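Fold and geometry: a report
Spelled out, the chains give:
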Amino acid sequence: MSFQPIVPFGGYSGWTFLNRTKEAQLETFRDSSDIQRDVEYFKENIGNVKTAEDLVSDHTLRKVALGAFDLDDDMDNIYFIQKVLSDGILDDDALANKLTDTRYYDMAKAFGFDLSVPNTALSSFADDIATKFEEQQFEIAIGDQDANMRLAMSLDRELAELSEKTTSDDGRWYSVMGNTALRSTLETALGLPNSLGSLDLDQQLKEFRDKTERYFGNSEISQFADPEARQEMLRLFLVRAELQSTSTQYSSAANALSLLSGAY
């Protein structure tokens, strides 16, 4: 049984507590028996994997590979994952290049089964994927305690990674819009409506940029390489998410009271 992370309260104060204790909690989580078992198996066997079929045919290797990229729900989609991995990313027609969810692209790029020698042969590969797996599973465990804390952790990590990508800032924003969880979290943080997705893509981009400019004086994703800028975005998200939760609870209570009042 994995160690269950401690999140004693929600909101930004809960985030502050989690930040202060994260490293110690993550280390304890890594030491739990089931995480250790999967990671050790992966490290011992991934070097023998030469093809996507080799990977997906092994339950534990597939579990760690998917878990490292927050794709745990695809465990049973074996042939789909094999296609994503075997196609890789070099060919414009590769499946990962056609999917709006960028997690598949990131996974296909990391494994590199479309290269003459896949990345599984690299000496650092097993450790890199294992670390991603441990951290991603820790985020999931945090989410079991408080869903908004998991979203905040993901937002912090992904903004840092996106800000360092060697692409245009429009390209970074398109990556945001192609990542369902990240997009939803930023919509909440910036006060954007859920209906935004129904607009033309260029208009969506403009709305994200305009709101970011309003709150940060800068519309570029690259600014979030600065930890202080990320913390401000996280604060906006957690405060707004808590307000939404309170509002929902209030509405539910008001509806219940209305129903009860009407019963007499």
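Below is a short write-up of the structure. In this numbering scheme, every chain counts its residues from 1 along its sequence in written order. Local features in this predicted model are restricted to residues of pLDDT 70 or higher, and side-chain atom pairs are both shown and tallied only at a pLDDT of 80 or more, whereas totals for entire chains, interfaces and linings draw on every residue. Values reported for side chains reflect all heavy atoms of the structure, with hydrogen atoms and water molecules removed beforehand.

**A word on the overall build of the protein**
The following threshold applies: Runs of H or I in DSSP of at least four residues are treated as helices and runs of E of at least two as strands, each being numbered from the N terminus. Per-residue accessibility, obtained with a 1.4 Å probe over protein chains only, is compared with the maximum for each type, and a residue is labelled buried under 20%, exposed over 50%, and partly exposed between these values. Residues are treated as being in contact if the distance between any of their heavy atoms lies within 4.5 Å. Method for areas: the Shrake-Rupley scheme with a 1.4 Å probe, in which residue coverage is limited to the protein chains shown. Neither His nor the chain ends is counted toward charge; the positive residues are Lys and Arg and the negative residues Asp and Glu. Taken as the charge location is NZ of Lys, CZ of Arg, CG of Asp or CD of Glu.
A tally of helices and strands in the protein yields 13 helices and zero strands. Its helices and strands in sequence order give the protein the pattern α-α-α-α-α-α-α-α-α-α-α-α-α, from N to C terminus. Within the protein, the fraction of its 264 residues that count as buried is 45%. In the protein, the proportion of contacts linking residues at least 24 apart, taken out of those at least 6 apart, comes to 60%. Counting every atom, the protein has about 13,800 Å² of accessible surface; 50% of that belongs to carbon and sulfur. Considering the protein, the positive charge centre built from 25 side chains and the negative charge centre built from 46 side chains are found 3 Å apart.

**Focus on unusual backbone geometry**
With a phi angle near 60°, Asp 70 is a residue other than glycine that sits in the positive phi range. Along the polypeptide, Asp 70 turns up in the loop between α4 (59–68) and α5 (78–87). What makes Asp 70 partly exposed here is its relative accessible area of 23%.

**What to know about the nonpolar core**
Our working rule: Buried Ala, Val, Leu, Ile, Met, Phe, Trp, Tyr and Cys residues that are joined via side-chain atoms within 4.5 Å together make up what is termed a nonpolar core.
The biggest cluster of nonpolar side chains holds 67 residues, and the ones touching the most others in it are Leu 55, Leu 85, Met 107, Phe 111 and Met 233. The greatest single-element share of this core, amounting to eight residues, is contributed by helix α8 (residues 125–145). If near-sequence neighbours (up to four positions away) are discounted, Met 107 is found in contact with Ala 65, Leu 66, Phe 69, Leu 71, Ile 81, Val 84 and Leu 85.

**With respect to the packing of aromatic side chains**
The criterion, for reference: Note on ring pairs: Phe, Tyr and Trp rings are taken, using the six-membered ring of Trp, and paired if centres are within 6.5 Å. Classes follow the plane angle, with under 30 degrees stacked, over 60 edge-to-face and the rest tilted.
This structure, assessed with the given rule, holds seven aromatic pairs. Measuring from ring centre to ring centre gives 5.8 Å for Phe 111 and Phe 113, while their planes differ by 15°; the resulting arrangement is stacked. The class for Phe 111 is buried, based on a relative accessible area of 0%. An aromatic cluster is built from Phe 111, Phe 113 and Phe 125, whose rings are joined through pairwise contacts.

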